[in-house]
Amino acid sequence: MPIYVKFKSDSKLKNRLYLVSDEKELKKLDLDKKSLQYFTNNLAAEKFASINNAGEFVLVAKIGDLKDDLAANKVRDLGFEVYEFLKNKCAALLVSSNNKLAVELFAEGVGLSSYTFEKYKSAEKKAKIKLKGIFTDNKSAKLAEVGHIVDATAWARELVNEPLSYLTAEQLSADIAEKCQPVGIKVEVLNKQKIQSLKMGGLLAVNKGSIDPPTFTILEWKPKNAVNSKPIVLVGKGIVYDTGGLSLKPTANSMDFMKSDMGGAATMVAVTYGAAQLKLPLHIITLIPATDNRPGGNAYAPGDVVTMFDNSTVEVLNTDAEGRMVLADALAYAKKYKPELVIDAATLTGAAAHAIGSFGIVAMGNAKKSEMKALDKAGHKVHDRIVEFPFWDDYKEELQSTIADLKNLGGPAAGMITAGKFLEHFTDFPYIHLDIAGPAFTHKKDGYRGLGGTGAGVRLLVEFLKNRTK
Ligand code: BES
Ligand code: ZN
Ligand code: ZN
């Protein structure tokens with residue numbers, strides 16, 4: 001788990017980082033002449049400069065005025081750089097700054113950078129990290145809040161990094177209950193029998209080839225002071241492994257990281273956990289349909305017609321388009337809550353990843369314009385950004401089936417949008433769809449986003465929800 005970030009005023013901590021906005025502020029620091037000269041000379045070119053006084057470190061970084069979101073994100077990046085620099089050098093660091101935002105951003109960057117997935121490494125292979133905590137003397141920095149957001153993101157990343165050999169659908173549900181119940185979230189896990197009695201045909205179809213049962217997990221965060229009378233419903237794609245099923249994934253290595261196909265589920269449960277930790281006064285319900293997708297003897301087959309939870313019939317033309325099958329049932333299930341807004345997150349299409357790569361989330365929907373705007377704003381603020389795609393009904397044409405109500409496969413173009421339109425068919429409420437196939441998982445270490453699961457969407461949605469309570 002990530003290192004902690006805490007307030008500590010009068011500290012005896014020797015290792016110090018000063019975050020200064022400009023040269024003038026640098027001159028005001030309690031530094032001897034030689035050190036001041038050193039920092040003045042080196043700060044122009046470097047992101048931060050450091051002096052090692054017999055194992056005690058003094059660091060200075062220039063952060064500018066933090067006027068825009070990109071400048072602010074540079075402070076998160078600085079957190080990553082300083083973490084990498086200090087992690088094997090000292091146990092604690094005191095961050096001094098009169099800029100509260102800078103301290104929070106820096107702490108967030110360090111916190112996020114300090115998460116690694118080491119569970120399966122033998123003790124001698126595990127990284128030996130000295131740095132255990134970040135402190136600040138800035139009284140107004142909300143480090144507890146930062147800590148909750150970092151922890152929630154780290155949990156999403158941990159779930160994504162867990163392979164199928166541990167994280168079956170049932171294990172995912174058990175992990176969710178174990179983590180969320182202690183913080184006041186109600187967790188109900190529907191088992192296969194219950195899913196069968198509810199006739200969740202999409203989820204059951206995808207599960208047919210599996211030897212492990214599916215689950216449908218319902219989380220509810222309902223504080224007494226909730227400001228919304230109708231709940232916000234979050235839905236996450238919980239495909240714990242995607243082989244493609246009988247439409248087996250065709251290209252080399254395309255299956256290797258499909259343990260990450262529950263990234264949407266990880267994001268949504270982590271957002272719910274984060275909201276509870278922050279005690280957000282919002283009524284939130286989170287739905288997680290989960291199974292693996294495999295070509296077993298009884299696997300659903302291309303050509304099959306599936307009767308879904310809402311009684312719509314779907315002609316399956318590609319069993320690799322399984323995410324929409326399980327999400328459709330969860331979205332239809334969400335109707336019973338008469339939600340104010342429903343958001344789903346899913347590693348749904350390669351098309352989304354191809355369109356914008358890993359730097360953003362493909363978003364679309366039919367909710368009020370102001371909702372998407374608020375989401376976009378939240379994304380820039382926390383640097384977990386969305387790009388809105390069209391959601392025109394024209395795209396729906398592609399989903400017409402000759403034998404059923406619709407088919408689960410669109411045409412060759414705009415696959416991320418036809419997938420979204422498929423999902424919309426199962427909704428009757430304001431709806432936003434987030435395709436996180438691009439940013440959910442990285443193959444090489446990417447700054448504070450790390451390696452492997454990134455927790456894409458967690459900070460975005462926590463910020464979005466937080467803003468709704470203002
Ligand atoms: N899980 C995949 C999408 C995916 C691809 C996520 C790459 C992360 C990285 C999804 O279930 C899938 O296979 N989608 C198909 C849909 C197609 C068959 C309509 C795709 O995108 O190719
Ligand atoms: Zn698939
Ligand atoms: Zn998938």
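About the criteria used
- Residues numbered from 1 in each chain as written.
- Chains lettered and ligands numbered in written order.
- Predicted model: local features only at pLDDT ≥ 70, side-chain atom pairs only at ≥ 80, totals over all residues.
- Heavy atoms only, no water.
- Near = heavy atom within 4 Å.
- Polar contact = N/O pair within 3.5 Å; in protein donor to acceptor, adjacent residues only side chain to side chain.
- Areas by Shrake-Rupley, 256 points an atom, 1.4 Å probe, with all protein chains shown as cover.
- Nonpolar A, V, L, I, M, F, W, Y, C, P; charged D, E, K, R; others polar.
- Donors = N, O, S within 2.8 Å, 3.2 Å for Na, K, Ca; no water.
- Tetrahedral: all angles 85-135°; square planar, octahedral: opposite > 155°, others 65-115°.
- Helix = DSSP H or I, 4+ residues; strand = E, 2+ residues; numbered from the N terminus.
- Patch = residues over 30% accessible without salt bridge, like charges linked within 9 Å, V, L, I, M, F, W, Y side chains within 5 Å.
- Salt bridge = Lys/Arg side-chain N within 4 Å of Asp/Glu carboxyl O.
- Lys, Arg positive; Asp, Glu negative; His and termini not counted.
- Charge placed at Lys NZ, Arg CZ, Asp CG, Glu CD.
- Expected span 1.5 Å × (residues − 1).
- Buried < 20%, exposed > 50% of the residue type's maximum accessible area, 1.4 Å probe, protein only.
- Domains from an automatic or database assignment.
- Contact = heavy atoms within 4.5 Å.
- Buried area = accessible area lost by both parts, 1.4 Å probe.
- Pairing = 2+ DSSP bridges.
- Phe/Tyr/Trp six-rings, centres within 6.5 Å; stacked < 30°, edge-to-face > 60°.
- Lys NZ or Arg CZ within 6 Å of the ring centre and 35° of its normal.

Asks: Teacher, can you tell me more about the site of ligand 1 here?
Replies: Every one of the 15 residues lining ligand 1 counts as a neighbour, but Lys249, Asp261, Asp320, Glu322 and Gly350 are closest to it. Interatomic distance of 2.9 Å between a side-chain N/O atom of Glu322 and an oxygen atom of ligand 1. Measuring from an oxygen atom of ligand 1, one finds a backbone N or O atom of Gly350 at 2.7 Å. Here ligand 1, which alone exposes 520 Å², has 75% of that area covered by the protein. Of the residues that constitute the shell around ligand 1, the class distribution is four nonpolar, four polar and seven charged.

Asks: Looking at this structure, I do not really get the coordination of the zinc ion (ligand 2). What am I missing?
Replies: In an ideal octahedron of six donors the angles at the metal are 90 or 180 degrees, and in an ideal tetrahedron of four donors they are 109.5 degrees. Protein coordination at the zinc ion (ligand 2) comes from Asp242 (OD), Asp320 (O), Asp320 (OD) and Glu322 (OE), with a distance range of 2.0 to 2.2 Å. Taken together, the six donor atoms surrounding the zinc ion (ligand 2) define angles of 70 to 165 degrees at the centre, an arrangement classified as irregular. Donor residues for the zinc ion (ligand 2), ordered by position in the chain, follow D-x77-D-x1-E. Separating the zinc ion (ligand 2) from the zinc ion (ligand 3) is a gap of 3.2 Å, bridged by Asp242, which donates to each. Here the residue Asp242 occupies a position in strand S10 (residues 238-242), and Glu322 occupies one in the loop between strand S13 (313-315) and helix H10 (323-334), the gap between them amounting to 80 residues.

Asks: I'm lost on the coordination of the zinc ion (ligand 3) in this one. Help?
Replies: Within the protein, Lys237 (NZ), Asp242 (OD), Asp261 (OD) and Glu322 (OE) serve as the donor atoms for the zinc ion (ligand 3), at 1.9 to 2.4 Å. Around the zinc ion (ligand 3) sit six donor atoms; with metal-centred angles ranging over 78 to 172 degrees, the donor geometry is octahedral. In the primary sequence, the donor residues of the zinc ion (ligand 3) line up as K-x4-D-x18-D-x60-E.

Asks: Before we go on, may I ask you to explain a positive patch on the surface in this structure?
Replies: Taken together, the side chains of Lys142, Lys377, Lys381 and Lys470 define a basic patch exposed on the protein surface. Along the chain, Lys142 turns up in the loop between strand S6 (133-136) and helix H5 (143-161).

Asks: Just to check I follow, could you spell out H10 for this structure?
Replies: In an α-helix, one full turn covers 3.6 residues, which means residues spaced three or four apart are oriented alike. For H10, with 12 residues, the first-to-last C-alpha span of 16 Å sits near the 16 Å given by 1.5 Å per residue. For H10, the tally of buried residues reaches 12 of 12 residues, placing the bulk of the element in the interior. When we look at burial in H10, the residues that qualify are Gly323, Arg324, Met325, Val326, Leu327, Ala328, Asp329, Ala330, Leu331, Ala332, Tyr333 and Ala334.

Asks: Before we go on, may I ask you to explain the pattern of salt bridges in this structure?
Replies: Inspection of every chain in the model, using the stated rule, returns 24 salt bridges. Of the charged contacts, one joins Lys466 and Glu463 as a salt bridge, the two residues approaching to 3.5 Å between their closest N and O atoms. You can see Lys466 and its partner Glu463 sitting in helix H14 (residues 458-468), three residues apart, about one turn around the helix. Grouping residues by exposure puts Lys466 and Glu463 together as buried.

Asks: Is there a simple way to explain unusual backbone geometry in this structure?
Replies: Glycine aside, the phi torsion of most residues is negative, and most peptide linkages are trans. With a phi angle near 50 degrees, Ala54 is a residue other than glycine that sits in the positive phi range. Of note, the phi angle at Asn253 is positive, near 65 degrees, even though the residue is not glycine.

Asks: Is there a simple way to explain the domain arrangement of the chain in this structure?
Replies: By a frequent convention, interface size equals the accessible area lost on bringing the separate parts together. Under the domain assignment, the chain is made up of domain 1 (6-141) and domain 2 (148-468). Here the C-alpha centroids of domain 1 and domain 2 sit 36 Å apart. On the side of domain 2, 18 residues touch domain 1, which itself brings 17 residues to the contact. Both faces combined, the contact of domain 1 with domain 2 buries some 1,600 Å², and carbon together with sulfur accounts for 58% of it. In terms of surface lost to domain 2, no three residues of domain 1 exceed Leu112, Tyr115 and Phe117, which account for 38% of the buried area on that side. Summed over the shared surface of domain 1 and domain 2, the result is three salt bridges.

Asks: How do you make sense of the pairing of strand S8 (residues 215-221) when you look at a structure like this?
Replies: Regular strands place their side chains on alternate faces of the sheet. With seven of seven residues buried, S8 lies mostly within the body of the structure. Residues Thr215, Thr217, Leu219 and Trp221 line one face of S8 and the alternating positions Phe216, Ile218 and Glu220 line the opposite face, and both faces are buried. Where strand S7 (residues 186-190) meets S8, five bridges bridge the pair, whose relative direction is antiparallel. In the sheet register, Leu190 faces S8, and the bridge partner there is Phe216.

Asks: Would you take a moment to explain the packing of aromatic side chains for this structure?
Replies: Given two aromatic rings, one states the distance between the centres and the angle between the planes to describe the pair. Using the criterion set out here, one finds 11 aromatic pairs in the structure. An angle of 65 degrees between the planes, with centres 5.8 Å apart, marks the rings of Phe117 and Tyr120 as edge-to-face. Phe117 gets classed as partly exposed once you look at its relative accessible area, which sits at 23%. We classify Tyr120 as partly exposed; its relative accessible area is 47%. An aromatic cluster of at least three residues, connected via ring pairs, comprises Phe216, Phe309, Tyr333 and Tyr337. Here Lys119 stacks its cationic end above the ring of Tyr166, 3.7 Å away from the centre of that ring. Looking at Lys421, its charged tip hangs above the ring of Phe391, at a distance of 4.2 Å from the centre.

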